[in-house]
Structure formats: C-alpha cells, structure tokens
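Survey of secondary and tertiary structure
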Amino acid sequence: MMVEGMALLDLGVSPYSGDVFHETPLIVYLFHFLVDYAEIVFMIMDALTDVTLYLAVQEYNKLMFKKQKLLLELKKYPQEGHELLRVPTEMYYVPLKVSLFYLLNPYTVLSCVAKSTCVINNAVITLFILATVKGSRLLSAVFLSLATYQSLYPVTLLPPALLYLLQKEFIPVKMKSTGFWLFSCQYCSIYQGSLCLLVCHSFFLLNSWDFIPSIYGFIFLMRVCTSRCTEHSAFIP
C-alpha cells in the first residue's frame, strides 16, 4: 500500500484520489526519501520503542517507591498489610521483563518483518508514555498529537494523561483551583496546536484536504460498518 502511494506521488497523482491508500502524508513523504533504508528504519523504530518502554517502566517504579515510602512514613498503611508492599529487589527486573516481552512478542516481530507502519505508531505512543511519566507536559502533548495524527484513536489517552500530570503537579487535585484549570488549558492548547500544525503541514505538502476523509473518515466509516454488520449478524439464525 505504501509503495502504491509513493508511486502515485511520483506520477503527480494524489495518493488519496482512490479508496485504497489511508496513510498520513508525512509518513508518505518520510518513506519517499527513506524507501531504500526501510528495513533499517523499522528496526530502529522497534529498538526505540523497546528502550523507551524500559525507561518508562523504570521511571514509574521509582515514582511508586517514593510514594510508597512517603505513605509508610505517614503511617497510611495498616500494620498487617506491610508484607504486601513492594520492595526494590522484587521490582528491579520488571523493566527488563517488559522490554523482553515486547521484543519477543510474535506480533512485534511480524509487524517489523511486514514493514507495517504500526511500528512507528508504537514508537510514538511509547515516547508519549515516557514523557507523561517524566512529567513533561510539552513533550507529552506533542507526542500525543503525533499519535493522534497517525491513527486518531490515541485521542482517548488525553484525559488519563492530563489527570496523571495534574496529580504530579497538584496533590491533591482540586478542580476549583485556578492552577488546575490553567494547567489543563495549557496542556490541551499544546496538544491542539501541535495537531493543527501537523494537519496544516500535510495540507501544504499535498495542496489538498483529500487526506482527511481518506484517513480519518475511513476510520469512522469502518467503525460504523463493523457495528452494523455485528448488529445484523445477531439476527442471523
């Protein structure tokens, strides 16, 4: 599919003129220049995803231990529940296990071999997770907008990411406070601004808005068709 889109682009024809191509313009132009190094690009993306997952889990473990230590000092845990608390020696290998589970997953291996663009989506989403765990609102919003631009579905990660960042910034979170709404507006503005920038840049590359119905309209259309087929199949004896 990607090869067909690049071939149409070379002929001066919009890849979105038909109903076959559904990748984003930035991905098309990226692989237009890296087509000879596609195998290396996909391997690098997988390696980047793996390292990012490792760092994200490692950082999250550190935060959890700090929180647990604070609650222990404040005597928030009952005495009989202390044996259930996590210790550093038990969690030391968790990031490595997550990393290995990702690399050895058959779906991961087959996606890389098939040169599926979901490998790139995975890399962007894991970078978003790492940025969120680190508490960087700018990078978190930017990577989330990149992930949304690619497949739309990651927009559902906006509320949990915002809530997580708010919990790190304000303890406890108070919806009536000015800082709560200011932080929320800043994060959403960065996210929306980055997404608009990506969409507008795609328009200037193609000089057309054809990619919007071909990518995002296709997602909604397939969702509706799948739902209707499921409803109809329920009545088939």
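The present account deals with the structure reproduced in this document. (Residues numbered from 1 in each chain as written. Predicted model: local features only at pLDDT ≥ 70, side-chain atom pairs only at ≥ 80, totals over all residues. Heavy atoms only, no water.)

Attention shifts here to the side chain of T126. The residue T126 is located in helix α7 (residues 118–134) in this model. Those residues in contact with T126 that lie beyond four places of it in its chain are T49, T52 and L53. (Helix = DSSP H or I, 4+ residues; strand = E, 2+ residues; numbered from the N terminus. Contact = heavy atoms within 4.5 Å.)

A few words on the side chain of S140. Within the element layout of this structure, S140 appears in helix α8 (residues 137–151). For S140, a relative accessible area of 0% gives the class buried. A distance of 2.8 Å separates the side chain of S140 from the side chain of Y187, its partner in a polar contact. Here S140 is in contact with F128, A131, T132, L165 and Y187, once residues within four sequence places are set aside. (Buried < 20%, exposed > 50% of the residue type's maximum accessible area, 1.4 Å probe, protein only. Polar contact = N/O pair within 3.5 Å; in protein donor to acceptor, adjacent residues only side chain to side chain.)

In this section: the packing of α7 against helix α9 (residues 158–169). Their axes nearest at 9 Å, the elements α7 and α9 cross at an angle of 25°. When the axis of α7 is compared with that of α9, the two are roughly parallel. Between α7 and α9, the contacting residues are F128, T132, V133 and K134 on the first element and A161, Y164, L165 and K168 on the second. Here the contact of α7 with α9 is built from residues that sort into five nonpolar, one polar and two charged. (Axes fitted to C-alpha atoms, helices over the stretch in contact; angles between N-to-C directions. Parallel < 35°, antiparallel > 145°, perpendicular 65-115°, else oblique. Nonpolar A, V, L, I, M, F, W, Y, C, P; charged D, E, K, R; others polar.)

Let us now look at the pattern of salt bridges. Applying the stated rule across the entire model yields one salt bridge. K134 serves as the salt-bridge partner of E59, at 3.4 Å between the closest nitrogen and oxygen. With E59 in helix α3 (residues 38–73) and K134 in helix α7, the pair connects residues that are 75 residues apart, well separated along the chain. Looking at E59, the relative accessible area reads 16%, which means it is buried. (Salt bridge = Lys/Arg side-chain N within 4 Å of Asp/Glu carboxyl O.)

Turning our eyes to something else, we now look at a nonpolar patch on the surface. A cluster of nonpolar side chains, Y92, Y93, L96, L100, L103 and L104, forms an exposed patch at the surface whose accessible area comes to about 660 Å². The exposure class assigned to L96 is partly exposed, which follows from its relative accessible area of 39%. (Patch = residues over 30% accessible without salt bridge, like charges linked within 9 Å, V, L, I, M, F, W, Y side chains within 5 Å. Areas by Shrake-Rupley, 256 points an atom, 1.4 Å probe, with all protein chains shown as cover.)

The next point concerns α9. Across its 12 residues, α9 extends 16 Å between first and last C-alpha, which sits within 8% of the 16 Å expected from 1.5 Å per residue. Of the positions making up α9, those classed as buried are L158, A161, L162, Y164, L165 and L166. (Expected span 1.5 Å × (residues − 1).)

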